[in-house]
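# An overview of the molecular structure
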Amino acid sequence: MPQYFAIIGHKDNPIYEAEFSIQQGSQKNIGFTQELKEMNPFILHASLDIIDDLKWQLVPSNTQYNGDNAGGSGSSFSIGSSGGFLRSKNVNNTDNCYLGKVDHFYGLAITAYISYGGMKFVMVHGNSNGGAPSSNSNVIIDDNACRSFYQEVHELYVKTLMNPFYKSGDPITSPVFDSRVRSLARKFLNK
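Residues numbered from 1 in each chain as written. Predicted model: local features only at pLDDT ≥ 70, side-chain atom pairs only at ≥ 80, totals over all residues. Heavy atoms only, no water.

The name an unreviewed UniProt entry gives the protein chain is TRAPP subunit, with Maudiozyma humilis as the organism.

### Structural notes on the sheet that holds strand E9 (residues 120–125)
Convention followed: Paired strands, as defined in this entry, are two strands with at least two bridges between them according to DSSP. Labels follow the DSSP assignment, with helices taken as runs of H or I lasting at least four residues and strands as runs of E lasting at least two, numbered in each case from the N terminus. Only the contacting stretch of a helix is used when fitting its axis, a line to C-alpha atoms as for every element, and angles between N-to-C directions run 0 to 180 degrees. In this analysis, two residues are considered to be in contact whenever any of their non-hydrogen atoms come within 4.5 Å of each other.
Here 5 strands make up an open sheet; going across it, the order is E2-E1-E9-E8-E7 and the pairing antiparallel. Looking at the sheet topology across the chains shown, the edges are occupied by strand E2 (14–20) and strand E7 (98–105). Pairs of neighbouring strands in the sheet enclose a mean axial angle of 20 degrees, with direction left out of account. Pairing of strand E1 (residues 3–8) with E2 involves 6 bridges; the strand directions are antiparallel. From the neighbouring strand, Ala6 faces E2, where its bridge partner is Glu17. Sheet strands in contact with helix H3 (residues 143–161) are E1, E2, E7, strand E8 (108–114) and E9, and its direction is about 140 degrees off that of E9.

### Some details on unusual backbone geometry
Our working definition: Buried residues are those whose accessible area, probed at 1.4 Å on protein chains only, stays under 20% of the maximum for their type, while exposed residues exceed 50% and partly exposed ones sit between those limits.
The residue Asp12 is not glycine, and still its phi comes out positive at about 60 degrees. Mapped onto the elements of the fold, Asp12 is located in the loop between E1 and E2. In this structure, Tyr106 takes a positive phi of about 45 degrees despite not being glycine. As for its placement among the helices and strands, Tyr106 is situated in the loop between E7 and E8. Residue class for Tyr106 comes out exposed when judged on its relative accessible area of 61%.

### Observations concerning the packing of aromatic side chains
As a reminder, the rule being used: We call Phe, Tyr and Trp rings a pair once their centres come within 6.5 Å, taking the six-membered ring for Trp, and we label the pair stacked below 30 degrees between planes, edge-to-face above 60, and tilted otherwise.
What the rule picks out here adds up to 13 aromatic pairs. With 5.3 Å between their ring centres and 80 degrees between their planes, Phe5 and Phe149 make a pair best called edge-to-face. Remark: Phe149 occurs in helix H3 and Phe5 occurs in strand E1; sequence separation between them is 144 residues. When sorted by exposure, Phe5 lands in the same class as Phe149, which is buried. A connected cluster of aromatic rings, assembled from ring pairs, spans Phe5, Tyr16, Phe20, Tyr98, Tyr113, Phe121, Phe149, Tyr150, Tyr157 and Phe177.

### Some details on the environment of Ile51
Along the polypeptide, Ile51 turns up in helix H2 (residues 48–56). For Ile51 and Leu99, which are 48 residues apart along the polypeptide, the C-alpha to C-alpha distance reads 8.0 Å. Excluding residues within four positions of it along the chain, Ile51 makes contact with Leu99, Val102, Ala112, Ile114, Lys120 and Val122.

### Side note on the pattern of salt bridges
Selection rule: The working definition used for a salt bridge is a side-chain nitrogen of Lys or Arg within 4 Å of a carboxyl oxygen of Asp or Glu.
Applying the stated criterion across every chain yields a total of 4 salt bridges. For Asp12, the salt bridge is made with Lys120, and the minimal N-O distance between the two is 3.6 Å. In this pair, Asp12 is assigned in the loop between E1 and E2 and Lys120 in strand E9, connecting sequence segments 108 residues apart. For Asp52, the salt bridge goes to Lys120, with nearest N and O atoms at 3.8 Å. Placement of the pair is Asp52 in helix H2 and Lys120 in strand E9, with a sequence separation of 68 residues. Salt bridges linked by common partners bring Asp12, Asp52, Lys55 and Lys120 together as one network.

### A short note on H2
Which entries qualify depends on this criterion: The reported arc concerns the directions from the helix axis to the C-beta atoms and nothing else.
Inspection of H2 places Leu48, Ile51, Leu54 and Lys55 among the buried residues, and these make up the whole buried set. Buried residues of H2, viewed axially, fall in a sector of 120 degrees; they line one side. Residues of H2 that are exposed and point more than 90 degrees away from the buried face comprise Asp49 and Trp56. Where H2 is buried, its residues contact E1, helix H1 (34–46), E7, E8 and E9.

Written out as structure tokens, the structure is:
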């Protein structure tokens, strides 16, 4: 399934953008349709208000996938009892930075991850038919793989921040950063 990924800055400005497409067998890479390619930034930015609301809630209203369901449908959802994003300033894990699926738009799913510095990592997930919206197809997201992708990209972003020639808030134009993000997408998202 194709994905459109962006790192959004403090002023809701894009810091980094990339589209990941899939390759199925001997076919060429399958990405978003041209109409969706043009709409992806708007779809992503429309979800930023939801992300900001979730960031400040002590008990988030979104649910997280916990992976074990006795019912056999392959998914079960639960709300974490330990609070929201702000609760873990005293905790050493980053599980709460991953917000999971925060929004959807005509069969596309939007997931998010937010850093303690306020940077938003957001991704639009398309479905397997080239990202084209369909009324009967929902996007299935592997939360563990998506969480791992976000955490690894966050580490790359922190390494970029430590570069003395990079000014925080400027667009990231490094080809090395881009190639590493794309290799992480192949590793975690295109399974």
